[in-house]
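Understanding the architecture of this molecule
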Amino acid sequence: MESMDGRRYDCDFRGPLFDYLEERFGKARMFEEKIIGKSRADVLMVTERRITGLEIKSDADTYERLRRQIRDYDKYCDENYVVIGRSHAKHVEEHIPAYWGVLVVSVNGRDIVIEEMRPPQQNPKMKRELQLAILWRAELQNIIEQNHLPHYRQKSKRFVREKLLEKLGWDQLKLEVCEELFQRDYTLLEEEEE
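The shown structure was predicted, so the numbers you read here are calculated from the model rather than taken from an experiment. (Residues numbered from 1 in each chain as written. Predicted model: local features only at pLDDT ≥ 70, side-chain atom pairs only at ≥ 80, totals over all residues. Heavy atoms only, no water.)

**Remarks on the overall build of the chain**
On a plain count of helices and strands, the chain comes out with seven helices and six strands. N-terminal to C-terminal, the α/β element order of the chain is α-β-β-β-α-β-β-β-α-α-α-α-α. The buried share of the chain, reckoned over its 194 residues, is 48%. Pairs at least 24 apart in sequence give 60% of the contacts found in the chain among residues at least 6 apart. (Helix = DSSP H or I, 4+ residues; strand = E, 2+ residues; numbered from the N terminus. Buried < 20%, exposed > 50% of the residue type's maximum accessible area, 1.4 Å probe, protein only. Contact = heavy atoms within 4.5 Å.)

**Focus: empty space enclosed by the protein**
The final tally for this structure, using the stated rule, is one cavity of 30 Å³ or more. Taken as a whole, the largest cavity spans an internal volume of roughly 40 Å³. Around the largest cavity, the lining residues are Phe-31, Lys-34, Leu-44, Val-46, Ile-51, Ile-134, Leu-181 and Arg-184. Counting residues per element, the ones that place at least two in the lining of the largest cavity are β1 (29-36) and β2 (39-46). Split by residue class, the lining of the largest cavity holds six nonpolar, no polar and two charged. (1 Å grid on protein atoms, 1.4 Å probe; cavity = no way out; pocket = protein on both sides within 12 Å on 5 of 7 lines; lining within 4 Å. Points joined across faces, edges and corners; volume = space filled by probe spheres on them. Nonpolar A, V, L, I, M, F, W, Y, C, P; charged D, E, K, R; others polar.)

**What about the pattern of salt bridges?**
Within the structure shown, the criterion is met by 16 salt bridges. Across the salt bridge formed by Glu-32 and Arg-14, the nearest N and O atoms sit 2.8 Å from each other. Of the two residues, Glu-32 is situated in strand β1 and Arg-14 in helix α1 (residues 10-25); the sequence distance between them amounts to 18 residues. Taking relative accessible area as the criterion, Arg-14 reaches 12% and is therefore assigned buried. One connected set of salt bridges, linked through shared partners, spans Arg-14, Glu-32, Glu-33 and Asp-42. (Salt bridge = Lys/Arg side-chain N within 4 Å of Asp/Glu carboxyl O.)

**Focus on the sheet that holds β1**
Strand order in the open sheet formed by six strands is β1-β2-β3-β4-β5-β6, and the pairing between neighbours is mixed. Because the sheet does not close on itself, it has two edges, and the strands there are β1 and β6 (111-118). Put simply, the sheet's adjacent strands are angled 30 degrees from each other on average, direction ignored. In terms of strand pairing, strand β5 (residues 101-108) meets β6 through seven bridges, oriented antiparallel. (Pairing = 2+ DSSP bridges. Axes fitted to C-alpha atoms, helices over the stretch in contact; angles between N-to-C directions.)

**Examining the environment of Leu-17**
Residue position: Leu-17 is located in helix α1. The exposure class of Leu-17 is buried, given its relative accessible area of 0%. Along the primary structure Leu-17 and Ile-56 are separated by 39 residues, whereas in three dimensions their C-alpha atoms are 9.9 Å apart. Setting aside chain neighbours within four positions, we find Leu-17 in contact with Leu-54, Ile-56, Val-83, Leu-103 and Ile-114.

**What to know about the side chain of Gln-141**
Along the chain, the position of Gln-141 falls in helix α4 (residues 137-146). Those residues in contact with Gln-141, other than ones at most four positions away along the chain, are His-151 and Arg-153.

**Things to note about a positive patch on the surface**
Taken together, the side chains of Lys-38, Arg-65, Arg-67, Arg-68 and Arg-71 present a region of like positive charge at the surface. Positionally, Arg-71 belongs in helix α2 (residues 66-76). (Patch = residues over 30% accessible without salt bridge, like charges linked within 9 Å, V, L, I, M, F, W, Y side chains within 5 Å. Areas by Shrake-Rupley, 256 points an atom, 1.4 Å probe, with all protein chains shown as cover. Lys, Arg positive; Asp, Glu negative; His and termini not counted. Charge placed at Lys NZ, Arg CZ, Asp CG, Glu CD.)

**Remarks on helix α5 (residues 157-167)**
The periodicity of an α-helix, 3.6 residues per turn, causes residues three or four places apart in sequence to face the same way. Listing the buried residues of α5 in full gives Val-160, Arg-161 and Leu-164. Relative to the axis of α5, the buried residues are bounded by an arc of 100 degrees and lie together on one face. For α5, exposure combined with an orientation more than 90 degrees from the buried face picks out Arg-158 and Glu-166. (Arc of directions from axis to C-beta.)

**Things to note about helix α6 (residues 170-183)**
Between its first and last C-alpha, α6 extends 20 Å over 14 residues, near the 20 Å set by a 1.5 Å rise per residue. Within the span of α6, buried status applies to Trp-170, Leu-173, Lys-174, Glu-176, Val-177, Cys-178, Glu-180, Leu-181 and Phe-182. (Expected span 1.5 Å × (residues − 1).)

**Notes on the side chain of Glu-180**
Within the element layout of this structure, Glu-180 appears in helix α6. Although Glu-180 is buried, it makes no salt bridge; Arg-184 carries the closest opposite charge, 7.8 Å away. Side-chain polar atoms of Glu-180 contact the side chain of Gln-146, separated by 3.4 Å. If near-sequence neighbours (up to four positions away) are discounted, Glu-180 is found in contact with Leu-135, Glu-139, Asn-142, Ile-143 and Gln-146. (Polar contact = N/O pair within 3.5 Å; in protein donor to acceptor, adjacent residues only side chain to side chain.)

What is shown is where atoms sit, not what they do.
Structure (structure tokens):
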């Protein structure tokens, strides 16, 4: 919805953004408001081989927290986009790294249009251990079982993540991480929190 002053807000972007991403990338799963580091990621998009972070800066938003958000997204994601309202298009590149992509959301009559102003590049700062930290214990156990590794049931999640990184090649492990996220079952959330 458009506000009284003509600006669009974060919530106005999400539906059209998800439609755009699904049309463009095909099989994808979206996670909204996911805590990564000290930030809350607006959207993490999981495809078969990648985790993409999307930080939304609507016309009503400022860049106040963006520096910290960039640091956190960079630790967890393979690539990142900032999704902006048209009012940010002239200055957004001053606030983001050169390897971040930019999607611009604008209004054309009654339609919301999304255009890629700049494609993302591979994020050079992603930490594999932190990307694995997105997984729940049950998801880590699934990967262990699929690869016939010892169960490490009495060990910490950090220990299990380190063992997976040690025992499996990253290309294989990455596919399994993405598959676990595709299959994530939120009915297991209570079990994870215990």
